[in-house]
Amino acid sequence: MVMPRPRLARAAVALALYLHHLVSAIEVPLDSNIQSELPQPPTITKQSVKDYIVDPRDNIFIECEAKGNPVPTFSWTRNGKFFNVAKDPKVSMRRRSGTLVIDFHSGGRPEDYEGEYQCFARNDYGTALSSKIHLQVSKSPLWPKEKVDVIEVDEGAPLSLQCNPPPGLPSPVIFWMSSSMEPIHQDKRVSQGQNGDLYFSNVLLQDAQTDYSCNARFHFTHTIQQKNPYTLKVKTKKPHNETSFRNHTDMYSARGITETTPSFMYPYGTSSSQMVLRGVDLLLECIASGVPAPDIMWYKKGGELPAGKTKLENFNKALRISNVSEEDSGEYFCLASNKMGSIRHTISVRVKAAPYWLDEPQNLILAPGEDGRLVCRANGNPKPTIQWLVNGEPIEASPPNPSREVAGDTIVFRDTQIGSSAVYQCNASNEHGYLLANAFVSVLDVPPRILAPRNQLIKVIQYNRTRLDCPFFGSPIPTLRWFKNGQGNTLDGGNYKAHENGSLEMNMARKEDQGIYTCVATNILGKAEAQVRLEVKDPTRIVRGPEDQVVKRGSMPRLHCRIKHDPTLKLTVTWLKDDAPLYIGNRMKKEDDGLTIFGVAEKDQGDYTCIASTELDKDSAKAYLTVLAVPANRLRDLPKERPDRPRDLELTDLAERSVRLTWIPGDDNNSPITDYIVQFEEDRFQPGTWHNHSSYPGSVNSAVLSLSPYVNYQFRVIAVNDVGSSLPSMPSERYQTNGARPEINPTGVQGAGTQRNNMEITWTPLNATQAYGPNLRYIVRWRRRDPRGSWYNETVKTPRHVVWNTPIYVPYEIKVQAENDFGRAPEPDTVIGYSGEDLPSSPRYLRIRQPNLETINLEWDQPEHPNGVLTGYNLRYQAFNGSKSGRILVENLSPNQTRFTLQRTDPISRYRFFLRARTQVGDGEAIVEESPALLNEAYTKNHVDIATQGWFIGLMCAIALLVLILLIVCFIKRSRGGKYPVRDNKDEHLNPEDKNVEDGSFDYSDEDNKPLPNSQTSLDGTIKQQESDDSLVDYGEGGEGQFNEDGSFIGQYTVKKDKEETEGNESSEATSPVNAIYSLA
């Protein structure tokens, strides 16, 4: 049955109206406050690409981000199965994100994680899906080992060198070089094909001068692998030399090479076909041989090459068509020609297409009871199939929903209700790929809300067009109306036009349109309103602009610019010269109603434009200034003097830490002003004293000056030219800056003692521009340099503080912090100071070495208690021989010196040394030592001294007492007739302590042994004996002690034995203490 035409028309209109009603869904504004309050199903916001190739050296990150309210949770599938992230210790998921992190720092193979991944984002209102992400690990395999033979080829013959690179992921970049890493020169005769092979249209003898190696560069590892090089051997029919070749008009005939017609090396034959996907680049290639090398040209059958999309590459051997579409299908042919003929190859191009969107489904927000639809339309070649899913499951397997109807690429919703929210997926796929889109359906009931700021103020220039905005939201969609000054009539029509988005437009704003406008949004759940105040301002106009002028050089022209503007708007006046911003130099003064140029010159000639602008509008006026030149000889004759003082100083743009100072330059008196010096004076710290603040080039007459807090400034300006400086200008008015806490602390903090029991802390005080506030003071803190020590502090106003009762020369940590009534400066740095110094103690030891009769070596160590910084040593020494003494000599030694060598004046005299350490306080306690006497005398002294020691005398007395008791006992026994066996006496040799002789010298040192009374202690701790006349020989064995040539003793000392003991035991009587002891045994 055929429907009548009128009824058909009415049905079409009804369908259009119905579809329009379905489309008019609610849009959630981007306002974060709104989105955070409304329930929202998940939306995927970020995901990895479908074909995801990763570097095997790095950790793997598979991205998946989503938003929603509540915040979505995430899960993954791998190769279609649930991927349990918690079971794999190498895999984790970022917090509040679905991004997978696969960590290989502790080992593992990235290849084990290759596969197809898909992310699921869920909350209470649905599930969104990512695309399927195909994860692959980049591969850069090694080049297979192969033996490459020498290639023999006739000159003029074609040749192709195959590359055959190892299959990488992604494919490597191929290039040819020699084995010495020289690039292979390419032209229309020699070139590289897209497959990586190197093609020679014809081979020449010169091609054998190098070898050829194919190189593959892999993307992720940034490595280059090189194939074994090819070596060519070119056989020529006719010998030649380069000179004959260069002079010949035909190089091929000169070489005996037969010229040939072109022949295709790639592709083979006369025709081929190629398939390409829509949207990618199509690359067609033709490489031909021939002598001479042929030229390549490209054509399309039945039409022109695609305009604006084609590009010839590789010496015209390749045709690239970018962003291919279905219209680019057809037959293309390449024509290879040289003077011997031509040949053609036809390539049939077929364009297929992976799915692409025609109408991608969009999120749908409905109010309860409303209708809507989701549309998913895609195209491709072949045509894609459409599959709908809901929350990640095929829609056919989902629970039935009576308000939902699926019709191919469209889902229609009727009379939706709360609880119908879900996320729908549309999958469009064909053999070349697929598309996946998520679109949620959210059913909301929300009272109206006004999204604009409350109590907006809109300013507009009179008679201009303006718009009042009132963005709103609600579900169901509210209706919005405008009212003025609380009146009941809705504003729409005439001078007003209300738009669906809530804006109210005025074609022409008049003074009477000023007032308060109210927008009211209403739906079944309530209403909301907001107010907008409109102010209509007067326009900005230049009532007297600049006029064209002709002036003489050196005069002072004035360009007028009198302006009328709305007094409630801030006015800005700028000047242009020849349509570029005018630099207001020292010779110009910009005033409220014009511009004055002092000493006009030829360079000032040109167009001058005055621009008056406010935040709402602007106006401009232009005039041309002509400058007449003055003869140069008259200018040279003018006398040059110092400039006149600047005048009319003005302070503007007053701020907390800056102010703009403007002045009018004085006459330069025929010598251009080169500099301006700005000075300031303050009336608190140094009233009446002027200080230099800053300097500026002579081309300016205004500057922004940086200021310090709590300074009562006034300024003056001095002009400078080549003759000299002007008198200072009259001072400006004063400007008082507010106070603040100090920003810096004193510098030059030091701590040093002035007496042995104090430390004086000093610093450089802050000046007037650093004080920043009243009642400037300093917090001084100090403590012993010990982290456990306690800090002491004192607040002073002078830059000095003395700490008393300090130990001698100990380090202190010191801080000095500035403070005023506004607060303290930042925490100061810590410096190290020292308390007062004192006299040092004596050096720890003084060793005297006498290697020979001509030299005495002294060695010492620093004092145990330096009590300050050592500044040196004072060494006094005096020669003496018996009762005779020489004069005292003095040596002042550096503090780091611990050795001294004395050249003896004679080999007999001894020396007495006095060594003191010195600080800045003075010389300390002396250590006194004497050089040893001749060795025989020294040896005798040593043994005599032992006999005079108290401990030795006491020991001998005890032994004598014991022997006496034993003798008494023996005599008593004998008197009674007792007999006792008597043992043979044995020789007991009492060996004294050996004294080692090092390199022929004796070592005398003062260590820990204390000398006994009436004895002298040498430097090495041995005891010096008093002078004795006994000979050292009497203490040796048979008098065989020996001396070296330099007089030093080299024998060993032993105790002299009694003659009776050496002759044997001829008596049984205990005639000695030793024998008596033996007799008792």
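Residues numbered from 1 in each chain as written. Predicted model: local features only at pLDDT ≥ 70, side-chain atom pairs only at ≥ 80, totals over all residues. Heavy atoms only, no water.

A. Fine view of the overall build of the chain. The helix and strand inventory of the chain stands at 10 helices and 82 strands. Expressed as a percentage of its 1081 residues, the buried residues of the chain come to 42%. Residue pairs in contact within the chain that sit at least 24 positions apart in sequence constitute 65% of those at least 6 positions apart. As presented, the chain carries roughly 59700 Å² of accessible surface, and 50% of it is formed by carbon and sulfur atoms. (Helix = DSSP H or I, 4+ residues; strand = E, 2+ residues; numbered from the N terminus. Buried < 20%, exposed > 50% of the residue type's maximum accessible area, 1.4 Å probe, protein only. Contact = heavy atoms within 4.5 Å. Areas by Shrake-Rupley, 256 points an atom, 1.4 Å probe, with all protein chains shown as cover.)

B. Up close: the packing of aromatic side chains. Applying the stated rule across the entire model yields 18 aromatic pairs. Ring geometry for Phe 104 against Tyr 113: centres 5.7 Å apart, planes inclined by 70°, an arrangement best described as edge-to-face. A connected cluster of aromatic rings, assembled from ring pairs, spans Tyr 877, Phe 900, Tyr 911 and Phe 913. Geometry around Tyr 434 places Lys 50 over its ring, the cationic atom sitting 4.1 Å from the centre. Geometry around Tyr 710 places Arg 684 over its ring, the cationic atom sitting 3.9 Å from the centre. (Phe/Tyr/Trp six-rings, centres within 6.5 Å; stacked < 30°, edge-to-face > 60°. Lys NZ or Arg CZ within 6 Å of the ring centre and 35° of its normal.)

C. Representation of the pattern of salt bridges. With the rule as written, the count across this model stands at 50 salt bridges. Between Glu 259 and Lys 339 there is a salt bridge, with the nearest N and O atoms lying 3.0 Å from each other. Highlighted residues: Glu 259 in the loop between α4 (251-254) and β20 (260-266) and Lys 339 in the loop between β27 (330-338) and β28 (341-359), separated in sequence by 80 residues. Taking the relative accessible area as the measure of exposure, Lys 339 reaches 56% and is therefore exposed. Notably, a salt bridge pairs Arg 510 with Asp 513, separated by 3.2 Å at the nearest N-O pair. Classification of Asp 513 as buried rests on a relative accessible area of 2%. Overlapping salt bridges bring together Arg 558, Lys 589, Glu 591 and Asp 593 as one network. (Salt bridge = Lys/Arg side-chain N within 4 Å of Asp/Glu carboxyl O.)

D. Geometry of the state of the cysteines. Summed over the entire model, instances satisfying the criterion amount to six disulfides. With its sulfur 1.8 Å from that of its partner, Cys 561 forms a disulfide with Cys 610. Disulfide Cys 561-Cys 610: the torsion about the S-S bond is -75°, which places it as left-handed. Within this pair, whereas Cys 561 is found in the loop between β49 (558-560) and β50 (562-564), its partner Cys 610 is found in strand β55 (residues 606-613), the two being separated by 49 residues in sequence. Note on accessibility: Cys 561 and Cys 610 belong to one class, buried. When the cysteines of the chain that form disulfides are numbered from the N-terminus onward, they connect as 1-2, 3-4, 5-6, 7-8, 9-10, 11-12. (Disulfide = S-S within 2.5 Å.)

E. Representation of the sheet that holds strand β30 (residues 372-375) in the model. Sheet architecture is open: three strands sit in the order β30-β35-β34, paired in antiparallel fashion. Every interior strand has two partners, whereas the edge strands, β30 and β34 (404-407), have only one. Neighbour to neighbour, the strand axes of the sheet diverge by 15° on average, direction disregarded. (Pairing = 2+ DSSP bridges. Axes fitted to C-alpha atoms, helices over the stretch in contact; angles between N-to-C directions.)

F. Molecular detail of the environment of Ser 894. When you line up the elements, Ser 894 lands in the loop between β76 (889-893) and β77 (899-903). Spatially, the C-alpha atom of Ser 894 lies 9.9 Å from that of Ala 917, the residues being 23 residues apart in sequence. For Ser 894, the residues in contact, after removing those within four places along its chain, are Gly 872 and Tyr 873. One polar contact links Ser 894 to Asn 896, side chain to side chain, over a distance of 2.8 Å. (Polar contact = N/O pair within 3.5 Å; in protein donor to acceptor, adjacent residues only side chain to side chain.)

G. Looking closely at the sheet that holds strand β32 (residues 385-390). Here we have five strands laid out as an open sheet, ordered β29-β37-β36-β32-β33, and mixed in their pairing. Edge positions in the sheet fall to β29 (364-366) and β33 (393-394), since each has one partner strand and no second. Where β32 and β33 come together, two bridges link them in antiparallel fashion. Bridge pairing links Leu 389 to Pro 394 in β33.

H. Geometry of helix α8 (residues 950-975). End to end, α8 covers 37 Å across 26 residues, agreeing with the expected 38 Å (1.5 Å per residue, within 8%). If you check which residues of α8 are buried, you get Val 963, Leu 966 and Cys 970. (Expected span 1.5 Å × (residues − 1).)

I. Summary view of a nonpolar patch on the surface. A cluster of nonpolar side chains, Leu 961, Leu 964, Ile 965, Ile 968, Val 969 and Ile 972, forms an exposed patch at the surface whose accessible area comes to about 510 Å². Mapped onto the fold, Leu 961 is located in helix α8. (Patch = residues over 30% accessible without salt bridge, like charges linked within 9 Å, V, L, I, M, F, W, Y side chains within 5 Å.)

J. Here's a closer look at unusual backbone geometry. The residue after Val 291, namely Pro 292, is reached through a cis peptide bond having omega -5°. Locating Pro 292 in the fold gives a position in the loop between β23 (287-291) and β24 (295-300). Residue Pro 382 is bonded to the preceding Asn 381 through a cis peptide linkage, with omega at 5°. Looking at the secondary structure, you find Pro 382 in the loop between β31 (377-381) and β32. With a phi close to 55°, Arg 96 is a non-glycine residue in the positive phi region. On the secondary structure map, Arg 96 appears in the loop between β7 (91-93) and β8 (100-102). One non-glycine residue, Asn 323, adopts positive backbone phi at about 50°. In this fold, Asn 323 is placed in the loop between β26 (318-321) and β27.

K. Up close: the environment of Gly 408. Considering the arrangement of structural elements, one finds Gly 408 in the loop between β34 and β35 (410-413). Each C-alpha atom of the pair Gly 408 and Arg 377 lies 9.4 Å from the other, and the pair is 31 residues apart in sequence. In contact with Gly 408, not counting residues within four places along its chain, are Ile 386 and Trp 388.

L. Spotlight on the pairing of strand β36 (residues 422-430). Taking burial as the measure, the nine residues of β36 include eight buried ones, the bulk of the element. One ladder, built from six bridges, connects β32 with β36; its direction is antiparallel. Across the sheet, the residue bridging to Gln 387 is Asn 427, located in β36. Alignment of β36 against strand β37 (residues 433-443), held across nine bridges, turns out to be antiparallel. Opposite Ala 422, over in β37, you have Val 441 as the bridge partner.

M. Looking closely at the pairing of strand β53 (residues 588-591). Relative to strand β54 (residues 594-597), β53 runs antiparallel, the two sharing four bridges. Looking across to β54, one finds that Glu 591 is bridged to Gly 594. Connecting β53 to the next strand, β54, in antiparallel fashion are two residues.

N. Representation of the confidence of the model for the chain within the structure. Counting all residues, the mean pLDDT for the chain is 83, and 84% of those residues have values of 70 or more. In this model, residues 1-24 is a region of pLDDT below 50 whose contacts with residues beyond four sequence positions or in other chains number 12 contacts. This stretch, residues 243-249, has a pLDDT under 50; its non-local contacts, to residues over four places away or in other chains, come to four contacts. (pLDDT = per-residue confidence, 0-100.)

O. Representation of the environment of Cys 470. Considering the arrangement of structural elements, one finds Cys 470 in the loop between β40 (466-468) and β41 (472-475). Take Cys 470: its relative accessible area is 1%, and that puts it in the buried class. In the structure, Cys 470 is positioned 50 residues away from Val 520 in sequence and 9.0 Å away in space, judged by C-alpha atoms. In contact with Cys 470, other than residues within four places in its own chain, are Ile 450, Leu 480, Trp 482, Asn 501, Gly 502 and Cys 519.

P. Main features of the side chain of Ser 131. Its place among the elements puts Ser 131 in the loop between β10 (126-129) and β11 (133-137). Note on Ser 131: relative accessible area 9%, which makes it buried. Excluding residues within four positions of it along the chain, Ser 131 makes contact with Gln 47, Lys 50, Tyr 117, Gln 118, Tyr 434 and Leu 436.

Q. Summary view of the nonpolar core. In this structure, Ile 62, Trp 76, Leu 100 and Tyr 117 are the most contacted members of the largest nonpolar core, which totals 31 residues. Contributing elements (two or more residues each) for this core: β2 (51-54), β3 (60-62), β4 (64-69), β5 (73-78), β8, β9 (115-123) and β11. Residues in contact with Leu 100, not counting those within four places in the same chain, are Ile 60, Phe 61, Ile 62, Trp 76, Phe 83, Val 85, Val 91, Ser 92, Met 93 and Tyr 117. By size, the runner-up hydrophobic cluster in this structure holds 21 residues, among which are Tyr 496, Leu 504, Cys 519 and Ala 528. (Core = buried A, V, L, I, M, F, W, Y, C linked by side-chain atoms within 4.5 Å.)

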